[in-house]
Amino acid sequence: MNEVRVRFAPSPTGPLHIGGVRTALYNYLFAKKNHGKFILRIEDTDQTRFVPGAEDYIVESLKWCGIDFDEGVHIGGPYAPYRQSDRKEIYHQYALSLLEKGYAYYAFDSAEDLEILRKDSEKRKETFQYGPLSRMALKNSLTIDKEEVTRLLDTGHPFVIRIKIPEHETIVVNDLIRGEVKVESGLLDDKVLFKSDGMPTYHLANVVDDYLMKITHVIRGEEWLPSAPLHALLYRYLGWESVMPAFAHLPLLLKPDGNGKLSKRDGDRLGFPVFPLRWTDPKTGDISSGYRESGYLPEAFINMLALLGWNPGTEQEILSMAELIGLFSIDRVGKSGSKFDPEKARWINHQYLASAPDETIADLLEKIIVGEGIQADRIKLLQISGLIKDRANLIPDLWQQSWFFFRSPEKYDESVIQKFWKPETPGFLKNIAAMLEGHGTFDSATVEFSLKQFIQEQGLPMGQVMNSLRLVLVGGSFGPGVAAIIAVLGKQEAISRIYRALDTIGK
RNA sequence: GGUCCGUUCGUCUAACGGUUAGGACGCCAGGUUUUCAUCCUGGUAAUAGGGGUUCGAUUCCCCUACGGACUACCA
């Protein structure tokens, strides 16, 4: 069997949303699983929709995800160039060969003419179709005599090249996910293959490029399923039927609210990011949030996307990229669209954070505290990381769970004061401060032991003491164990926080 | 409207003719805990409807309903 070669072929019309990332991911997993090659091709045949920065965004996003390519617009490769606008000259000859073989024809109808016909059809509640039934009544090389066609072409009259769809034929496309999909050719349109601006349309370009780049499997979104028969026909007409790639049309990612496929325009409307990375619209300046900036780990992001439409067939849900590659199979890709669940995404991220080595958490935390203008030594960072990592869902939670290790609380939660600050509280807190002052070994376990012993000796209520002590240390009712906090803060800081609180809340 | 695709707990999904229809997230309850989380245990909740085929249908077929995609000189 030939080497597996798959491609991800986005058009640079804006940021990639999570559906696009998932398509790229499945292609990547399939390629890696089969020891094949993965190619990034940019489909920019529509210059009017070009968005500056989009291509870089796509490359950067996939890089962040850990999805890398063997060939592509950003790294080159044996089939370069990988940007369709750079391949412009390639396509015309294939359109011409179709023309010669009688599988395509020139059409001279203006966009306005066609628009009028469409409107008319609409009025009659019909759909205008440039196809087998109507083409003989339109302005094209099938209806105009040869000399006139030559004259039009020579004088630079705008033209497009359309495929000549056969009238009565059942076209069968075998889809790896859906099985055989059959369509009556008469229902298909004579799609434009070559535009009047000299560029091919997607239909021609993707077939030509997939052929030239020796693509073996086309794994793409379900929105392409209706045009798959057209593509199959093109392979046949171009004489490439024997090397036509296998098709797999992935189910769509749906909007979590209501229905419909997820779109770039959903932005932040849904209350969670739809993009891997933050995106700033170059035209409007509008900013859409990204998973990276929201505090997701790329591994978790990928894990969650992998499970949206595919599952390993076991009950394992936390899967590394290596495991995904080992387990991936198109057979296990579902048929129906799925809605993204932001809650589960958070849970998955939590799993990754909680099980990460302290070193990893410390690195993440260090970035945050440096941003806060704080310096901390590695040992302390590692200690803190171990205490907080299973308390965080997203990376910013790391700071929410640990800021009090670096800053003394400025204010104290009123409701906690109400609940635990009794007349006797200042008294025993002072005694605790004194006890700590004389304390030798200052690690979490010994501090905890001393604290408990002290509480017992004094006959104090445990909850009362611990909660008020917690209040003076962190300013509220949250955080890891009190003894652990004290141990990390150190003797002097812990004691000074007790006295500071006594000054603020009252003796 | 036409063509095509789809339909299992609220959500992601398992069960490729025989299961008390399983798991996960969420939610609820209990437990652990000095707080809040985590964690542990339990609970909640589904085969869209109707016909077939079959000894037996979530599973195969048909119809209906619903949802979606496509229907551009966009991808």
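Up top is the structure these notes are about.
Fair warning: this is a prediction, and the values are worked out from it, not measured in the lab. (Residues numbered from 1 in each chain as written. Chains lettered and ligands numbered in written order. Predicted model: local features only at pLDDT ≥ 70, side-chain atom pairs only at ≥ 80, totals over all residues. Heavy atoms only, no water.)

A. View of the overall build of chain A. On a plain count of helices and strands, chain A comes out with 21 helices and 14 strands. Rg of the C-alpha trace for chain A: 32 Å, well past the compact-globule value of 23 Å for 507 residues, more than 25% over. C-alpha extents for chain A along the principal axes are approximately 110 × 50 × 35 Å. For chain A, with 507 residues in total, the buried portion stands at 50%. Once local pairs closer than 6 in sequence are excluded, the contacts in chain A between residues at least 24 apart make up 71%. (Helix = DSSP H or I, 4+ residues; strand = E, 2+ residues; numbered from the N terminus. Rg over C-alpha atoms; globule rule 2.2 N^0.38 Å. Buried < 20%, exposed > 50% of the residue type's maximum accessible area, 1.4 Å probe, protein only. Contact = heavy atoms within 4.5 Å.)

B. Here's a closer look at the protein's contact with RNA strand B. Surrounding RNA strand B, one finds 61 residues, the nearest of these being Thr127, Lys195, Glu317, Arg391 and Ser477. Counting only atoms of RNA strand B within 4 Å of the protein, the sugar-phosphate share comes to 73%. Within the backbone of Tyr202, one N or O atom sits 3.1 Å away from a phosphate oxygen of RNA strand B. Contacts to RNA strand B include Asn311, whose side-chain N or O atom sits 2.7 Å from a phosphate oxygen. For the surface near RNA strand B, the secondary structure elements donating two or more residues are helix H4 (111-123), strand E5 (160-163), strand E7 (179-184), strand E14 (338-339), helix H11 (342-355) and helix H19 (462-474). (Near = heavy atom within 4 Å. Polar contact = N/O pair within 3.5 Å; in protein donor to acceptor, adjacent residues only side chain to side chain.)

C. Molecular detail of the packing of helix H6 (residues 202-212) against helix H7 (residues 228-237). Running from N to C, H6 and H7 point in directions that differ by 55°, and their axes come no closer than 10 Å. Regarding the angle of H6 to H7, the classification is oblique. By crossing handedness, the relation of H6 to H7 is classed as right-handed. Residue-level inspection shows Tyr202, His203, Leu204, Asn206, Val207 and Asp210 of H6 in contact with H7, the latter providing Leu230, His231, Leu234 and Tyr235. Across the contact of H6 with H7, the residue classes break down as 6 nonpolar, 3 polar and 1 charged. (Axes fitted to C-alpha atoms, helices over the stretch in contact; angles between N-to-C directions. Parallel < 35°, antiparallel > 145°, perpendicular 65-115°, else oblique. Left-handed = near helix turned anticlockwise from the far one by under 90°. Nonpolar A, V, L, I, M, F, W, Y, C, P; charged D, E, K, R; others polar.)

D. Quick look at the pairing of strand E1 (residues 5-8). Neither face of E1 is left uncovered, since the one carrying Arg5 and Arg7 and the one carrying Val6 and Phe8 both have all their residues buried. Inspection of the sheet shows E1 paired to strand E2 (residues 37-40) by 4 bridges, in the parallel sense. Directly across from Arg5, in E2, lies its bridge partner Lys37. (Pairing = 2+ DSSP bridges.)

E. Inspection of helix H20 (residues 482-489) at higher detail. Among the 8 residues in H20, 8 count as buried, and that is most of the element. Here H20 has its buried residues at Val482, Ala483, Ala484, Ile485, Ile486, Ala487, Val488 and Leu489. Positive phi shows up at Gly490, right after H20, with a value of about 95°.

F. Expanded view of the pattern of salt bridges. One pass over the full model with this rule turns up 28 salt bridges. Across the salt bridge formed by Arg5 and Glu71, the nearest N and O atoms sit 2.7 Å from each other. You can see Arg5 sitting in strand E1 and its partner Glu71 sitting in strand E3 (residues 71-72), a full 66 residues away along the chain. Residue Arg5 shares its accessibility class with Glu71, and that shared class is buried. As a salt-bridge pair, Arg87 and Asp209 come within 2.8 Å of each other at their nearest N and O atoms. One end of the pair, Arg87, is in the loop between E3 and helix H3 (88-100); the other, Asp209, is in helix H6, and 122 residues separate them in sequence. (Salt bridge = Lys/Arg side-chain N within 4 Å of Asp/Glu carboxyl O.)

G. Here's a closer look at the packing of aromatic side chains. For the coordinates displayed, the defined rule picks out 23 aromatic pairs. Each residue in the set Trp64, Phe272, Tyr291, Tyr296, Phe301 and Phe340 is aromatic and connected to the rest through ring pairs, giving one cluster. A cation over an aromatic ring shows up here: Arg162 above the ring of Tyr130, its NZ or CZ 3.7 Å from the ring centre. (Phe/Tyr/Trp six-rings, centres within 6.5 Å; stacked < 30°, edge-to-face > 60°. Lys NZ or Arg CZ within 6 Å of the ring centre and 35° of its normal.)

H. Seen up close, the sheet that holds strand E8 (residues 192-194). Reading across the sheet, the 3 strands line up as E4-E5-E8 and stay open at both edges, with antiparallel pairing between neighbours. Looking at which strands have only one partner, the edges of the open sheet turn out to be strand E4 (104-107) and E8. Adjacent strand axes in the sheet meet at a mean angle of 45°, parallel and antiparallel pairs treated alike. Relative to E8, E5 is paired through 2 bridges, and the arrangement is antiparallel. Opposite Arg162, over in E8, you have Val192 as the bridge partner.

I. Region of interest: the pairing of strand E10 (residues 246-250). Taking burial as the measure, the 5 residues of E10 include 4 buried ones, the bulk of the element. Considered for its hand, the β-α-β crossover made up of strand E9 (residues 217-221), H7 and E10 is right-handed. (Right-handed = clockwise from strand over helix to strand, strands pointing away.)

J. Summary view of the side chain of Arg22. Mapped onto the secondary structure, Arg22 falls in helix H1 (residues 18-33). One buried charge, Arg22, has no salt-bridge partner; the nearest side chain with opposite charge is Glu223, at 7.6 Å. At 2.3 Å, the side chain of Arg22 forms a polar contact with the backbone oxygen of Pro251. Polar side-chain contacts of Arg22 include one of 2.6 Å to the backbone oxygen of Leu308. (Lys, Arg positive; Asp, Glu negative; His and termini not counted.)

K. Structural context of the nonpolar core. Within the largest apolar cluster, 151 residues are counted, with the highest numbers of intra-cluster contacts made by Ile432, Leu469, Leu473 and Ile486. Per-element accounting of this core gives the leading share, 9 residues, to H1. Not counting residues up to four positions away in its chain, the partners in contact with Ile486 are Leu436, Phe442, Val447, Leu451, Leu469, Leu473 and Ala494. Of all hydrophobic cores here, the second largest spans 7 residues; its members include Ala107, Phe128, Leu138 and Val160. (Core = buried A, V, L, I, M, F, W, Y, C linked by side-chain atoms within 4.5 Å.)

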